[in-house]
Amino acid sequence: MNITLESSWKSALSKEFEKPYFHSLTFFVRQAYKTKTVYPPPGLVFNALDSCPLSQTRVVILGQDPYHGQGQAHGLSFSVPLGIPNPPSLINIFKELEADVNRSQTQHGNLTAWASQGVLLLNATLTVEAGKAGSHHQQGWEQFTDAVIDVVSSQSKHVVFMLWGNYAKRKGKHINRDHHLVLESGHPSPLSANRGLWFGNKHFSQANTYLEKHGHKPIDW
């Protein structure tokens, strides 16, 4: 199957594209775009992979669904394009960032600068119908993104995985923790954060300490 994707990921994931589940997924997604409003725009479905080549991946931040509001999703977990108000989870991410590494909140929520430094901003499901969270679950995306995580876990070393919330923790259960740092906390959504499960996790400083220890440049958050 001909998939347009950044070359290192395309090579590493080539076997996935020939599996029956991926053929079914491709048919489902193409029909969804033809008949409904689906996010992100088609050209940004694989934006997380296109923006962060496998060889450059130093941090993985797992999300669940793309944002399902108009103009919000652009293929990077938790990120929004310039000019779009920051969603509540992203606001809490920036609050923790400021408390952890004394980084003042930016005026926008576009995290492309993180991706360009090797932060893989990966959602478990890469498409969603407008206004319907979870609408593209169990169509094959989860199997595909499990394969992405397995590739990073098996082919890279000293990567930081940030697993926020129970869903991400379950999805990351097979990561090789002898070769990588796995950081877990509650989700940054207000429901979780307000119960004391998010703030104070210090994931950003822990990530940079680990990266520097293993000879990598820290992330400029």
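Structure first, text after, so check above.
## Digging into the pairing of strand β2 (residues 59-63)
Regular strands place their side chains on alternate faces of the sheet.
Right, so step 1: Counted residue by residue, β2 has 5 buried out of 5 residues, so it is predominantly covered.
Right, so step 2: Residues of β2 alternate between two faces, with V59, I61 and G63 on one and V60 and L62 on the opposite face, all of them buried.

## Let's talk about the packing of aromatic side chains
Right, so step 1: One pass over the structure, following the stated rule, counts 13 aromatic pairs.
Right, so step 2: For the ring pair F22 and F144, a centre distance of 5.4 Å and an interplane angle of 50° mean the geometry is tilted. On the criterion of sequence distance, the pair formed by F22 in helix α2 (residues 20-35) and F144 in helix α6 (residues 141-155) is long-range, its members being 122 residues apart.
Right, so step 3: Since its relative accessible area comes to 1%, F22 is described here as buried.
Right, so step 4: Between the aromatic rings of F204 and W221, the centroid separation amounts to 4.9 Å while the plane-to-plane angle is 70°, which identifies the pairing as edge-to-face. Of this pair, F204 sits in helix α9 (residues 203-213) while W221 sits in the segment after α9, and the two are 17 residues apart along the sequence. You'll find F204 and W221 in the same group, each marked buried.
Right, so step 5: Here the aromatic residues F17, Y21, F22, F46, W141 and F144 are joined through ring pairs into a cluster of three or more.

## Focus: the packing of α2 against α6
Right, so step 1: Running from N to C, α2 and α6 cross one another at 125°; their axes reach a closest spacing of 9 Å. Judged on the interaxial angle alone, α6 and α2 are oblique. The chirality of how α2 crosses α6 is left-handed. Where α2 abuts α6, its residues Y21, F22, L25 and V29 lie against W141, Q143 and F144.
Right, so step 2: For the contact of α2 with α6, the residue count by class is 6 nonpolar, 1 polar and no charged.

## A look at the sheet that holds β2
Right, so step 1: With parallel pairing, the 4 strands of this open sheet are ordered in space as β3-β2-β5-β6. Each edge of the open sheet is held by one strand with a lone partner, namely β3 (119-123) and β6 (181-185). The sheet shows a mean angle of 20° between the axes of neighbouring strands, taken without regard to direction.
Right, so step 2: When β2 meets strand β5 (residues 160-164), the two strands line up parallel, connected through 3 bridges. Bridge assignment links V60 to a residue of β5, and that residue is F161.

Conventions adopted
Residues numbered from 1 in each chain as written. Predicted model: local features only at pLDDT ≥ 70, side-chain atom pairs only at ≥ 80, totals over all residues. Heavy atoms only, no water. Buried < 20%, exposed > 50% of the residue type's maximum accessible area, 1.4 Å probe, protein only. Helix = DSSP H or I, 4+ residues; strand = E, 2+ residues; numbered from the N terminus. Phe/Tyr/Trp six-rings, centres within 6.5 Å; stacked < 30°, edge-to-face > 60°. Axes fitted to C-alpha atoms, helices over the stretch in contact; angles between N-to-C directions. Parallel < 35°, antiparallel > 145°, perpendicular 65-115°, else oblique. Left-handed = near helix turned anticlockwise from the far one by under 90°. Contact = heavy atoms within 4.5 Å. Nonpolar A, V, L, I, M, F, W, Y, C, P; charged D, E, K, R; others polar. Pairing = 2+ DSSP bridges.

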